[in-house]
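Structural characterization, general
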Amino acid sequence: MSTIKLYDEDAYKTSFSARVLSCSESEITERLQKRLALLTDIPETVKIYSLVLDKTLFFPEEGGQTPDGGTLTICGRDLPVIDVAIDKTNTISHYVAVCDGSSFQPEDSEVSGNIDFAHRFSNMQNHTGEHIFSGLVCRKKNCNNVGFHLSDDIVTMDYDCPLTKEEIDALELKANEIITKNLPVFCTYPSEEELTGLSYRSKIEIDGPVRIVTIPGVDVCACCAPHVKNTGEIGLLKVIDFMKYKGGTRLSILCGSRAFIDFRKKQEKLVSISRTLSESIENTDLAVGKLYKEKNDLSYKLRQLQGNLLSIKADSIPDNVKHAILFTEDCDVNEARKVINSLTKKRGGYCGVFTGSDESGFSFIIGSSDLDCSVLAKELREKLNAKGGGKKEMIQGHTDAKEDEIIKFFG
Ligand SMILES: [Zn+2]
């Protein structure tokens, strides 16, 4: 039996009374487990009950939007509503958490409900913002909005057309102009006849009455969710990110208080970076770019110096030493290979570079002009628990053996 949707009539109402039509204990699914985790102090005794009411203000998870939160007061107990779902028959189920795990039979009881209006209003701001942006994109580019998701963190939309940064910037500006104009947002249920003559966007095929949301001159779209009454209530719309996606564009926006909080967070980070670099905010990106380049240049110089140092160490090994084994804390693998190539040209035996420490273990490269390194690899695996291998001429790998064990191994 379909539940009367009170949120359809008034998106701003926060409390309601209803009658319980059915109540049953629900299995705690993975989804419910995740929703429960959003609440604090949940004891292991918790039980979840699914309640169907004759009417509700709780908007269910529908059309890519997260459900309302809040509480249902049943038999004198305030129970948190952790999830709200709607089925094909338009029956809305409220999943409530009973923390002490006690069972109850509230069928036919009167209940009162309160929704978390801060969360609801934020969803209304973001959802209506999406209508404005999608309406503008679809009109300008004659494309379709093929994906929508409104999570508690971000709104993501997919369009089946490419969009340039310049186009997105212009659309964002236009969307904010529409917000400032404080245009009305109408929700209506046109007759079938009226619908036939109406041009509107729709993401899915709809059975039964179609709810049309209109922002005059901007967008006409079939939609079941709560919206703000006037665009001015959205406050601000900011595009956060965009990327090419399946031949079209995936774009993320934030509206209203979420956009403001995001701005504050990023502003604080930017100020912190600019202070660390002693640069003005305007020059922060250039300063970070310069720093990044300097870091890369220094890394290159460091690699070369480490290579030079290793060469000097290699040259100081007396000719009568059987195997030329070098240890270094840090060295670029290409520099180590250069040193080994130079050593194997001058002498016989194994020539190796072990990079690392007793604590972190050692990466090694070993070469030889007259011995078979693959035989050595086998011995290293057996005696020093090494990993790795290679060819007769050169092997590489890693061992957790200590420096003195390695020295002993090579005698
Ligand atoms: Zn909508």
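Residues numbered from 1 in each chain as written. Predicted model: local features only at pLDDT ≥ 70, side-chain atom pairs only at ≥ 80, totals over all residues. Heavy atoms only, no water.

Section: the layout of surface pockets
Taking a probe equal in size to a water molecule and rolling it over the atoms shows the remaining empty space. Selection criterion: Within this scheme a cavity is a closed region of a 1 Å grid, computed over the protein atoms alone, that accommodates a 1.4 Å probe without allowing it to escape, whereas a pocket is open but has protein on both sides within 12 Å along at least five of seven lines; lining residues each have an atom within 4 Å of a point. Grid points are joined across faces, edges and corners, and a volume is the space filled by probe spheres set on the points. Each helix is a run of DSSP H or I of at least 4 residues and each strand a run of E of at least 2, with the numbering of both proceeding from the N terminus. Classification convention: Asp, Glu, Lys, Arg as charged; Ala, Val, Leu, Ile, Met, Phe, Trp, Tyr, Cys, Pro as nonpolar; all other residues, Gly among them, as polar.
Roughly 320 Å³ of internal volume is contained in the second largest pocket. In terms of lining, the second largest pocket is formed by 16 residues, of which the most central are Cys138, Cys143, Tyr200, Arg201 and Val220. Taken together, the elements giving at least two residues each to the lining of the second largest pocket come down to α3 (117-141), β9 (145-150) and β13 (219-222). Ranked by residues supplied to the lining of the second largest pocket, first place goes to α3 with three residues. When grouped by side-chain class, the residues that make up the lining of the second largest pocket number six nonpolar, six polar and four charged.

Focus on the coordination of the zinc ion
Which entries qualify depends on this criterion: Only N, O and S atoms count as donors, using a 2.8 Å limit from the metal and a wider 3.2 Å limit for Na, K and Ca, and since water is excluded some coordination spheres may look unfilled. Sites are called tetrahedral only when four donors show all angles between 85 and 135 degrees, square planar or octahedral only when four or six donors show opposite pairs over 155 degrees and all other angles between 65 and 115, and irregular in any remaining case. Each residue gets one of three labels from its accessible area relative to the maximum for its type: buried under 20%, exposed over 50%, partly exposed in between, using a 1.4 Å probe on protein chains only.
Within the protein, the zinc ion binds to His127 (NE2), His131 (NE2), Cys223 (SG) and His227 (NE2); these donor distances fall in the range 2.0 to 2.1 Å. Given four donor atoms and angles of 95 to 124 degrees at the metal, the environment of the zinc ion is assigned as tetrahedral. Donor residues binding the zinc ion come from one chain and are separated in sequence as H-x3-H-x91-C-x3-H. Linking histidine 127 with histidine 131, this pair stays in helix α3, spanning four residues, or about one helical turn. When sorted by exposure, histidine 127 lands in the same class as histidine 131, which is buried.

With respect to the sheet that holds strand β7 (residues 92-98)
Just so we agree on the cut-off: DSSP calls a pair of strands paired once it identifies at least 2 bridges connecting them. In this analysis, axes come from line fits to C-alpha atoms, helices being fitted only over the stretch in contact, and the angle between any two N-to-C directions falls in the range 0 to 180 degrees. We call two residues contacting when some pair of their heavy atoms lies within 4.5 Å.
In space, the six strands of this closed barrel follow the order β2-β3-β7-β6-β5-β8, with antiparallel pairing throughout. Strand-to-strand twist in this sheet, taken as the mean axis angle between neighbours without regard to direction, amounts to 45 degrees. Where strand β3 (residues 47-53) lies against β7, six bridges are found, and the strand directions are antiparallel. Note that in β7 the partner of isoleucine 48 across the bridge is alanine 97. Along the sheet, helix α2 (residues 30-37) makes contact with β2 (15-26), β3, β6 (77-86) and β7, crossing β6 at roughly 135 degrees.

Considering the sheet that holds strand β10 (residues 155-159)
One open sheet accounts for four strands, arranged β9-β10-β15-β14; its pairing is antiparallel. Since the sheet does not close on itself, it has two edges, and those belong to β9 and β14 (237-245), each with one partner. Strand-to-strand, the axes of this sheet are offset by a mean angle of 15 degrees, without reference to chain direction. Two strands pair when backbone bridges link them, and β10 and strand β15 (residues 248-255) are joined in this way by five bridges, in the antiparallel orientation. Paired with valine 155 across the two strands is isoleucine 253, which belongs to β15. Contacts between helix α6 (residues 256-277) and the sheet are confined to β9, β14 and β15, with β15 contributing the most and set at about 90 degrees to the helix.

Details of the side chain of histidine 323
Heads up, the condition is: Polar contact is defined as a pair of N or O atoms within 3.5 Å, subject to the rule that within protein one atom must be able to donate a hydrogen and the other to accept it, and that residues adjacent in sequence are counted only when both atoms are side-chain atoms.
Summarising the element assignment, histidine 323 is placed in the loop between α7 (284-315) and β16 (324-328). Given a relative accessible area of 14%, histidine 323 falls into the buried group. Of note is the side chain of histidine 323, whose polar atom sits 2.9 Å from the backbone nitrogen of tyrosine 350.

Re the environment of aspartate 404
Note on placement: aspartate 404 falls in helix α10 (residues 403-410). Since its relative accessible area comes to 53%, aspartate 404 is described here as exposed. With 46 residues separating them along the chain, aspartate 404 and aspartate 358 place their C-alpha atoms 9.1 Å apart.

What to know about the packing of aromatic side chains
Heads up, the rule is: Note on aromatic pairs: the rings of Phe, Tyr and Trp (six-membered ring only in Trp) are paired at centre separations within 6.5 Å, and the planes decide the class, stacked below 30 degrees, edge-to-face beyond 60, tilted for the rest. Two limits define a charge over a ring: the Lys NZ or Arg CZ must be within 6 Å of the ring centre, and within 35 degrees of the ring normal.
This model, assessed by the stated rule, comprises ten aromatic pairs. Geometrically, the ring pair formed by phenylalanine 16 and phenylalanine 58 is edge-to-face, given 6.0 Å between the ring centres and 75 degrees between the ring planes. Remark: phenylalanine 58 occurs in the loop between β4 (55-56) and β5 (70-74) and phenylalanine 16 occurs in strand β2; sequence separation between them is 42 residues. Taking the relative accessible area as the measure of exposure, phenylalanine 16 reaches 5% and is therefore buried. Taking relative accessible area as the criterion, phenylalanine 58 reaches 0% and is therefore assigned buried. Aromatic pair phenylalanine 409 and phenylalanine 410: ring centres 5.0 Å apart, planes at 85 degrees, arrangement edge-to-face. Among the aromatic residues, those joined into a cluster by ring pairs are Phe327, Tyr350, Phe354, Phe362, Phe364, Phe409 and Phe410. Here the guanidinium or amino end of lysine 229 rests over the ring plane of tyrosine 12, the centre of that ring lying 5.0 Å away. Of note, arginine 250 hangs over the ring of tyrosine 245, and the distance from its end group to the ring centre comes to 3.9 Å.

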